[in-house]
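# Summary of structural features
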Amino acid sequence: MPGDWGLAKLAQIRGNVVIAYVGVIEDSAIRVLYECLRSCSDINHLDLVLISNGGLGTAAHRIGHLLHEYTDHLTILIPYKARSAGTLLSLAATEIIMGPLGELSPLDGIFRHAVKASGNMPVQVSAEDIHAIRDIAENWFGVVPAERLDVFRVVAQHFFPTTLGNFYRADKLVRHMASDLISYQLGQLSDNEQQALIDHLVRGYHNHDYPITRREAKTIGLNVLSASADIEAVIWEILTGSQAHIDMMRENNKFVTGLVLGKQFMAQHIQAVSPAK
């Protein structure tokens, strides 16, 4: 292991077992995180430093439950981005500690459809993009509820009906996973209060790339704490150290998409690159 890039320092400050996940959240990471957790001893309070632009929601959901197999108190520390699937995973934290640059994002069911009706049709569409068509029809063009069937017919001309069903299921799935994980953090809230918060994360923003700062995350009701100066410095050190390692590997034509770090543990996912023809 080339260095822990600040994990030992954070463990000393916090007095907890510390691990880090850096990169894309994907299925292959679940088993690696399991091995990392097995390498740790005497886990009482677990700290996870999370740096991710997103990934697979179902993998984030599984990781959230896996972490709680080893601790009843999970803190997720976010120095920079924990977006999309990273935000979903963050809902599993007992509390979230964010640095000044830390950000979450809205939740959204993303689906890649196989049938392209025209050259202008994007390959990847979110469930909220489809959901917004009704709002556009009603708010911009004055379509009344009785005319919604006509709107559906137009949409169905561009998406195969089963594909529309997949968008609906993707929306239901992301809501289910968020509801399942948020009970670790906000179990004291009523079901209606939890669902209102989840609905805000799914439908309360107009772009999946919207950055939810720590101030806004607190305002909407998540259990977010601001990092102290010493914690802010060390989680930023973990980010810059891991990024320097990823950049160094890229210079050697090894493209690292994920890092899992522990006290005596390091694993990395190197993306296969097809040889130039």
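Whatever comes next refers back to the structure up there.
Residues numbered from 1 in each chain as written. Predicted model: local features only at pLDDT ≥ 70, side-chain atom pairs only at ≥ 80, totals over all residues. Heavy atoms only, no water.

### Quick word on the overall build of the chain
Across its full length, the chain holds 10 helices and 11 strands. Across the 277 residues that make up the chain, the buried fraction comes to 46%. (Helix = DSSP H or I, 4+ residues; strand = E, 2+ residues; numbered from the N terminus. Buried < 20%, exposed > 50% of the residue type's maximum accessible area, 1.4 Å probe, protein only.)

### Thoughts on the packing of helix α1 (residues 7-14) against helix α10 (residues 229-251)
Packing of α1 against α10 leaves a shortest axis separation of 9 Å and a crossing angle of 155°. Taken together, the axis directions place α1 and α10 in an arrangement best described as roughly antiparallel. Handedness of the α1/α10 crossing: left-handed. Residues Leu 7, Lys 9, Leu 10, Ile 13 and Arg 14 of α1 touch α10, and the partners they reach there are Asp 230, Ile 231, Val 234, Ile 235, Glu 237 and Ile 238. When its residues are assigned to classes, the contact of α1 with α10 shows seven nonpolar, no polar and four charged. (Axes fitted to C-alpha atoms, helices over the stretch in contact; angles between N-to-C directions. Parallel < 35°, antiparallel > 145°, perpendicular 65-115°, else oblique. Left-handed = near helix turned anticlockwise from the far one by under 90°. Contact = heavy atoms within 4.5 Å. Nonpolar A, V, L, I, M, F, W, Y, C, P; charged D, E, K, R; others polar.)

### Side note on the environment of Gly 262
Within the fold, Gly 262 resides in strand β10 (residues 255-262). For the pair Gly 262 and Cys 36, spaced 226 residues apart in sequence, the C-alpha separation works out to 6.3 Å.

### A closer look at the pairing of β10
The element β10 is extensively covered by neighbouring structure, given that seven of its eight residues are classed as buried. Bridge count between β10 and strand β11 (residues 265-271): seven bridges; the pairing is antiparallel. Among the inter-strand pairings, Phe 255 is bridged to a residue of β11, identified as Gln 271. The antiparallel pairing of β10 with β11 creates a hairpin that spans two residues between the two strands. (Pairing = 2+ DSSP bridges.)

### Observations regarding the sheet that holds strand β3 (residues 73-78)
Spatial ordering of the open sheet is given by β9-β4-β3-β2-β1-β10-β11, a layout of seven strands whose pairing is mixed. Edge positions in the sheet fall to β9 (224-226) and β11, since each has one partner strand and no second. Between one strand and the next, the sheet's axes are offset by a mean angle of 20°, whatever the strand orientation. Relative to strand β4 (residues 95-98), β3 runs parallel, the two being bridged by four bridges. Paired with Thr 75 across the two strands is Glu 95, which belongs to β4.

### A short note on the pattern of salt bridges
According to the stated counting rule, one finds eight salt bridges in the structure shown. Its salt-bridge partner being Lys 9, residue Glu 237 comes within 3.0 Å of it at the nearest N-O pair. You can see Glu 237 sitting in helix α10 and its partner Lys 9 sitting in helix α1, a full 228 residues away along the chain. Classification of Glu 237 as partly exposed rests on a relative accessible area of 31%. Residue classification places Lys 9 among the partly exposed residues on the basis of a relative accessible area of 41%. A salt bridge links Asp 199 to Arg 175, with the nearest nitrogen and oxygen atoms 3.0 Å apart. (Salt bridge = Lys/Arg side-chain N within 4 Å of Asp/Glu carboxyl O.)

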